[in-house]
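These are the residues of each chain, in order.
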Amino acid sequence: MSSLDPRDPLVLDTRTIARRPGQMRSIERMASAPTGLGLDVVSVPTGSDIQLDLRLESVVEGVLVSGSCQAQATGECVRCLDPVSFALALPIQELYAYPDAAAAAADEIERLEDDLIDLTPVLHDAVVLALPLQPLCRVDCPGLCATCGARLADDPEHGHDEVDPRWASLTELNVTLAASDDKKG
């Protein structure tokens, strides 16, 4: 008995083409994004829409799934923490081997389970590999002030007159020498 639910939009039923090499079927559907589809700072939100345009082809070793998925990713800019959002359009291609096929012995090959295909792992891999590790609101985002946390994009002239503690003694000496020059002059 399969643990996959054929009513799940990310589970594909291949009974109409399975074990008939050369048979093909196209599938277009909208699915809800599963949990964990992304990284800490950017992801496809759980439950958001994912558009799938797929082609299932029966081959000798199993069923080849190819096509694309479109989704909207959201997150935070790693420099200024502003929200970011962008569209993803990703290619998908994966061979799902029949359980008794020679290819099924390889660990990296996905397998059909009672003529059902679970797209979740393949979708997860495609999305995670396509997401930026450090999303930015814009390429030239200046970020936040390290001292006070102000958005540098709002005030490009922002700055603090801070003396590096390693140079503090020299700064004090410079102030003392300037004061003594003022008294002489």
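A quick note: this is a predicted structure, and the numbers were derived from the prediction, not measured.

**Q** Please explain a nonpolar patch on the surface as it appears in this structure.
**A** Together, Trp167, Leu170, Leu173 and Leu177 line one region of the surface with nonpolar side chains, adding up to about 430 Å² of accessible area. By secondary structure assignment, the location of leucine 177 is in helix H2 (residues 168–184). In this structure leucine 177 comes out as partly exposed when scored by relative accessible area, which is 47%.

**Q** I would appreciate a short explanation of the pattern of salt bridges in the present structure.
**A** A side chain of one charge can pair with a side chain of the opposite charge if their charged atoms are brought near each other. Overall, the coordinates contain seven salt bridges when judged by the stated rule. Residues arginine 15 and aspartate 13 are paired through a salt bridge, measuring 2.5 Å at the closest nitrogen-oxygen approach.

**Q** Just to check I follow, could you spell out helix H1 (residues 120–130) for this structure?
**A** Residues lying three or four places apart along an α-helix face the same way, a consequence of the helix completing one turn every 3.6 residues. What H1 keeps buried is the set Val122, Leu123, Ala126 and Val127. Taken around the axis of H1, the buried residues stretch over an arc of 125°, which confines them to a single face.

**Q** In this structure, what is going on with the side chain of threonine 14? I would like to understand it.
**A** Inspection of the secondary structure assignment puts threonine 14 in the loop between strand S1 (11–13) and strand S2 (24–32). Classification of threonine 14 as buried rests on a relative accessible area of 0%. Reaching out from threonine 14, the side chain makes a polar contact with the backbone oxygen of aspartate 115 at a distance of 2.8 Å.

**Q** What exactly am I supposed to notice about the pairing of strand S6 (residues 83–97) here?
**A** Within a regular strand, the side chains alternate between the two sheet faces. Across 15 bridges, strand S5 (residues 62–76) lies against S6 in antiparallel orientation. Following the sheet pairing, threonine 74 is matched in S6 by serine 85. Adjacent in sequence and paired antiparallel, S5 and S6 are bridged by six residues, among which leucine 81 carries a positive phi angle near 70°. Of the pairings in the sheet, the one linking S6 to strand S7 (residues 110–111) comprises two bridges and is parallel in character. Bridge pairing in S7 links tyrosine 96 to glutamate 110.

Parameters at a glance
Residues numbered from 1 in each chain as written. Predicted model: local features only at pLDDT ≥ 70, side-chain atom pairs only at ≥ 80, totals over all residues. Heavy atoms only, no water. Patch = residues over 30% accessible without salt bridge, like charges linked within 9 Å, V, L, I, M, F, W, Y side chains within 5 Å. Areas by Shrake-Rupley, 256 points an atom, 1.4 Å probe, with all protein chains shown as cover. Salt bridge = Lys/Arg side-chain N within 4 Å of Asp/Glu carboxyl O. Helix = DSSP H or I, 4+ residues; strand = E, 2+ residues; numbered from the N terminus. Buried < 20%, exposed > 50% of the residue type's maximum accessible area, 1.4 Å probe, protein only. Arc of directions from axis to C-beta. Polar contact = N/O pair within 3.5 Å; in protein donor to acceptor, adjacent residues only side chain to side chain. Pairing = 2+ DSSP bridges.

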